[in-house]
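Each chain is listed here by its residues.
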Amino acid sequence: MNVTRRTALLSTSATIGTLLASGRAGVAQTDDAADIVLLNARITTMNDARPDATALAARDGVFVAVGDQSNVAGLIGPFTQVVDAGGKRVIPGLIDSHTHSIRGGVNYNLEVRWDTVDSLEEALHLLREQADLTPDGQFVRVAGGFSEFQFKEKRLPTVVELDSVAPNHPVLIHYLYRETLLNTKAIEYFGYDQPGHVTYPGGTIEKDADGNSTGRLLATPSGLLMYRTLSAAPKLSLTDQINSSMQYMDELNGLGITSVSDAGGGGMEFPVADPYQVISWMHERDLLTTRIGYHSFPQVKGEELSNYQDWTKTIRAGSGDDMLKFVGAGENLAWATYDYEIFKEARPDIDPDAEEILEKVMTVLGEAEWPFRQHVTYDETGDRLLPVYEKIAQGPGLTKGWFIDHVETFSERNLERIAELGGGIALQNRLQFQAEDFAALYGTEALGKTPNFRAILDLGVPVGGGTDATRVTSYNPWFSIQWMSTGLSRGGMQMYGDDNLLTREEALRVWTTGSAWFTGDAGRKGAITPGQLADFAVLDRDYFAVTDAQIAKLQSVLTVLGGEVVHAKGSFAHLDLKHMPPISPDWSPVIFENG
């Protein structure tokens with residue numbers, strides 16, 4: 001039996017029991033006994049050969065039986081954890097195929113979350129409460145995860161309002177990759193009120209007629225100014241970053257997430273940045289409660305080629321294990337090719353030499369047999385970059401497992417080109433947070449096919465579901481699943497007609513078996529079937545029976561990773577043996593959000 005947190009905690013009592021038994025064979029766990037058995041469940045397996053079940057059993061991290069009680073009864077031993085699901089819906093663990101969870105984890109304990117707040121009044125109240133608790137020298141910050149359209153006021157706060165709720169603390173509000181709001185104290189902290197302050201290409205520090213900073217930092221179109229400003233705010237100590245990462249993974253587990261595909265991100269110097277060191281340290285000590293497949297992300301424009309030349313010489317794609325694995329390159333392959341998704345503004349053009357730069361990078365990746373992912377938003381960007389893909393496919397080659405992220409406005413022809421080249425498509429609900437802006441700029445007819453879900457699924461290519469959390473969207477997977485299956489924006493706008501919606505089963509499949517492909521784990525995880533990793537979630541309500549509005553409110557009451565309980569609450573709380581440490585620092589917003 002593999003040693004896990006659960007079996008380690010039980011090992012002492014098991015040893016004592018064996019000693020006391022002294023020859024009584026019935027006390028010892030038999031070799032074929034399961035570690036965990038779930039009974040009386042409504043299981044959606046995502047296995048077409050057996051789509052539904054009422055019982056399952058897992059041993060040594062994988063499912064060994066799925067069916068009804070008769071299929072698992074013989075696997076129950078004296079130390080098997082037997083769980084009565086109480087008739088609740090059970091699904092495979094959700095897999096976010098595009099997120100920034102390593103970075104999000106080390107910052108989680110610092111951030112006020114507005115993900116589910118429905119009024120600006122309440123949002124400002126949360127800032128005021130946090131300001132009263134935050135020590136001098138620390139920021140009050142909101143780093144993404146919300147839409148101005150979810151507020152009944154349908155707007156962002158003003159700098160005057162931020163000053164009024166936190167007059168003595170710097171306040172930073174990071175909104176999508178469109179703008180950052182700073183109160184007066186934050187403007188002073190970063191020196192944006194001083195002559196000769198730092199500037200970054202593609203970003204605008206807005207000034208009034210008198211040359212004074214207004215507190216708005218704008219992506220025009222680059223988000224580098226926003227990235228660098230947020231990165232310059234105070235950070236947690238390494239000890240608190242570890243705690244923060246543990247709390248964040250527990251939060252994801254509580255939503256049913258058991259795996260993520262991490263796309264790197266700004267401020268994450270690969271592979272030496274603190275967040276990578278933190279996650280490696282946790283992995284070595286068996287503290288991870290989500291599986292992580294991660295990618296490399298060059299930080300400095302003009303250095304991408306040399307970065308990939310160096311990395312491909314020393315790091316093997318696919319290295320690691322089922323808990324922490326390096327997958328490949330991206331989502332940034334070259335800054336020259338990056339098309340920023342500010343759907344309130346006109347589409348930005350990529351650099352004139354983008355194709356030349358991309359070809360050099362992709363040649364290195366092809367020769368090293370590194371799969372890659374690439375951020376591409378607009379069809380016009382696809383028009384320019386896909387010919388490079390086609391050229392590389394005839395030369396060094398596109399390593400199996402490559403895919404494109406986003407593709408919101410891709411035409412059917414460019415989607416077909418991805419399929420012809422053997423790539424995958426990872427979809428995130430970024431537009432759910434900006435639908436009203438997109439419709440105002442491009443019209444509701446164009447919105448109705450953005451992205452073209454039905455055309456993408458009909459291609460038969462690998463398709464994964466994701467969030468692009470945490471600085472753009474929320475990490476809540478149910479927002480994304482709701483978007484795919486109902487077409488509702490975060491502001492309540494109906495984005496799509498019935499012809500461009502997924503069924504609830506299709507949306508769940510994209511988020512499970514579909515997303516498993518994006519870390520090279522197709523057939524290894526994503527379904528509840530013998531031989532696959534034993535990751536599953538027991539939901540508080542039935543996903544297939546709740547209303548459209550309630551989808552976004554679903555939670556897991558029991559999450560199991562590799563046959564081990566990693567999150568439990570309510571009537572299942574006694575099954576959670578991992579003993580989550582107290583949240584630190586003691587002024588963390590997470591403490592007060594959790595009551």
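Quick word on the overall build of the chain
In terms of helices and strands, the chain carries 20 helices and 23 strands. What you see for the chain is a C-alpha radius of gyration of 24 Å, in line with the 25 Å of a compact globule of 595 residues. For the C-alpha atoms alone, the extent of the chain along its principal axes is close to 85 × 60 × 50 Å. For the chain, the residues scored as buried account for 61% of the 595 residues in total. Looking at the chain alone, contacts between residues at least 24 apart form 74% of all its contacts between residues at least 6 apart. As displayed, the chain offers around 22,000 Å² of accessible surface, 50% of which is attributable to carbon and sulfur atoms. Looking at charge distribution, the chain has the averaged site of its 49 positive side-chain charges lying 3 Å from that of its 79 negative ones.

Structural notes on the sheet that holds strand E3 (residues 52-53)
Read from one edge to the other, the open sheet built from 6 strands follows the order E3-E2-E7-E21-E22-E23, with strand pairing classed as mixed. Whereas interior strands pair on both sides, the edge strands pair on one side only; in this sheet they are E3 and strand E23 (564-568). Bridging between strand E2 (residues 42-44) and E3 involves 2 bridges; their strand directions are antiparallel. Bridge pairing in E3 links Thr44 to Asp52.

Some details on the packing of aromatic side chains
In total, this model carries 38 aromatic pairs according to the counting rule given. For the ring pair Phe139 and Phe190, a centre distance of 5.5 Å and an interplane angle of 50° mean the geometry is tilted. Of this pair, Phe139 sits in the loop between helix H4 (120-133) and strand E9 (140-143) while Phe190 sits in helix H6 (residues 184-190); the two residues are 51 residues apart in sequence, bridging distant segments of the chain. There is no split in this pair, since Phe139 and Phe190 are both buried.

So, how was this worked out
- Residues numbered from 1 in each chain as written.
- Predicted model: local features only at pLDDT ≥ 70, side-chain atom pairs only at ≥ 80, totals over all residues.
- Heavy atoms only, no water.
- Helix = DSSP H or I, 4+ residues; strand = E, 2+ residues; numbered from the N terminus.
- Rg over C-alpha atoms; globule rule 2.2 N^0.38 Å.
- Buried < 20%, exposed > 50% of the residue type's maximum accessible area, 1.4 Å probe, protein only.
- Contact = heavy atoms within 4.5 Å.
- Areas by Shrake-Rupley, 256 points an atom, 1.4 Å probe, with all protein chains shown as cover.
- Lys, Arg positive; Asp, Glu negative; His and termini not counted.
- Charge placed at Lys NZ, Arg CZ, Asp CG, Glu CD.
- Pairing = 2+ DSSP bridges.
- Phe/Tyr/Trp six-rings, centres within 6.5 Å; stacked < 30°, edge-to-face > 60°.

Keep in mind these numbers describe shape, not what the thing actually does.
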